[in-house]
Amino acid sequence: MDQWPGLSGRLFATYGGVDTYVEKLHGGIAISGLYSDFGGSSFGTSELNMTYAPIFELKNKSIKLIPSLQAGYLQNRGEGIFMGGTLMPGKVSKQNLDLSAGMLMNYRNFYFGLSCFHLTQPDMGLYGASPLKSRLTFNASYNFMLNSESLLNLGIVAGRQDSYQFANFSGNLILQKRYLLGVGYISGDAAFFTAGYRAKQFSISGGYNFTVSKLAGNTQGAYILSFGMNLSKEQ
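First things first, this report covers the structure right here in the doc.

The rules behind these values
- Residues numbered from 1 in each chain as written.
- Predicted model: local features only at pLDDT ≥ 70, side-chain atom pairs only at ≥ 80, totals over all residues.
- Heavy atoms only, no water.
- Helix = DSSP H or I, 4+ residues; strand = E, 2+ residues; numbered from the N terminus.
- Phe/Tyr/Trp six-rings, centres within 6.5 Å; stacked < 30°, edge-to-face > 60°.
- Buried < 20%, exposed > 50% of the residue type's maximum accessible area, 1.4 Å probe, protein only.
- Lys NZ or Arg CZ within 6 Å of the ring centre and 35° of its normal.
- Pairing = 2+ DSSP bridges.
- Contact = heavy atoms within 4.5 Å.

## Regarding unusual backbone geometry
Excluding glycine, residues mostly have negative phi values, and the peptide bonds linking residues are mostly trans.
Phase 1 of the analysis: Of note in this structure, Arg-108 is not a glycine but carries a positive phi near 55°.
Phase 2 of the analysis: Looking at where Arg-108 falls in the secondary structure, it is placed in the loop between strand E9 (91-107) and strand E10 (110-117).

Structure below.
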């Protein structure tokens, strides 16, 4: 993702992940990573996460409960950072263990979830203590089946971290099991659209975020490109 290309110190973020179902564990496992760089390496973050999510089926398998636990490694790094008008010398970094947990419920076409990130509130301050506050997130979505090959998904993600609150609204359309279209709104921040294509073994999509906050005249939004592969023989 190329975010805020209108700024001289633009932000680049790269995310990657892989997940699979493990029958012996009765659930899924996932490994994911995120790397971001702001201002030509003046500040950046890295994280590596591992997640385990067992699946429990109730009511003749009509209801699924999926708790999850995530353990992660976080790193903040910086060089040439100004604090209080003073240029801080040298390169600095801070590493920490991070734990998160969640619960997802699925009943037919309805999905509902709660998550709490940064349970351990790791100290990520490069110059002095700065704990990363826990973030509580709620999400819900519903699939409207248009026909045997097309569906419309409407969803909301809302949350709170310290004094900051947010809500994201989205609509995603899958046509003929292949073509992807999406629109959404991030409260007080941006509106976005995406388009893509999904085959049996891969999917690709691109999109753009339109900034609607007070940064709109300076940042020029964000470009997003996603690519995924299905390594299983079953779709």
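After that view, the rundown keeps rolling.
## Looking at the packing of aromatic side chains
Phase 1 of the analysis: Enumeration according to the criterion identifies 9 aromatic pairs in this entry.
Phase 2 of the analysis: Ring geometry for Phe-202 against Phe-227: centres 6.3 Å apart, planes inclined by 25°, an arrangement best described as stacked. Remark: Phe-227 occurs in strand E17 (residues 222-229) and Phe-202 occurs in strand E16 (residues 202-211); sequence separation between them is 25 residues.
Phase 3 of the analysis: Using a relative accessible area of 54% as the deciding quantity, one classes Phe-227 as exposed.
Phase 4 of the analysis: One aromatic cluster is present, formed by Tyr-179, Tyr-197, Phe-202 and Phe-227 through successive ring pairs.
Phase 5 of the analysis: Sitting over the face of the ring of Phe-117, Arg-135 holds its NZ or CZ atom 4.2 Å from the ring centroid.

## So, the pairing of strand E13 (residues 164-175)
Phase 1 of the analysis: Of the pairings in the sheet, the one linking strand E12 (residues 150-161) to E13 comprises 11 bridges and is antiparallel in character. The residue bridging Leu-154 from the neighbouring strand is Gly-171, located in E13.
Phase 2 of the analysis: The turn joining E12 and E13, which pair antiparallel and follow one another in sequence, is formed by 2 residues; a positive phi near 55° is taken by Asp-162.
Phase 3 of the analysis: Two strands pair when backbone bridges link them, and E13 and strand E14 (residues 179-186) are joined in this way by 8 bridges, in the antiparallel orientation. By the bridge assignment for E14, Asn-168 is matched with Ile-186.
Phase 4 of the analysis: Linking E13 back to E14 in an antiparallel pair, the connection comprises 3 residues, with Gln-176 at a positive phi of about 55°.

## Overview of the side chain of Asn-49
Phase 1 of the analysis: By the secondary structure assignment, Asn-49 is in strand E4 (residues 43-54).
Phase 2 of the analysis: When near neighbours in sequence (up to four residues on either side) are disregarded, Asn-49 contacts Ala-30, Ile-31, Ser-32, Gln-70, Ala-71, Gly-72 and Tyr-73.

## A look at the side chain of Ser-46
Phase 1 of the analysis: Relative to the helices and strands, Ser-46 is located in strand E4.
Phase 2 of the analysis: Sequence-distant contacts of Ser-46, that is, excluding residues within four places in its chain, are made with Leu-34, Tyr-35, Tyr-73, Leu-74, Gln-75 and Arg-77.

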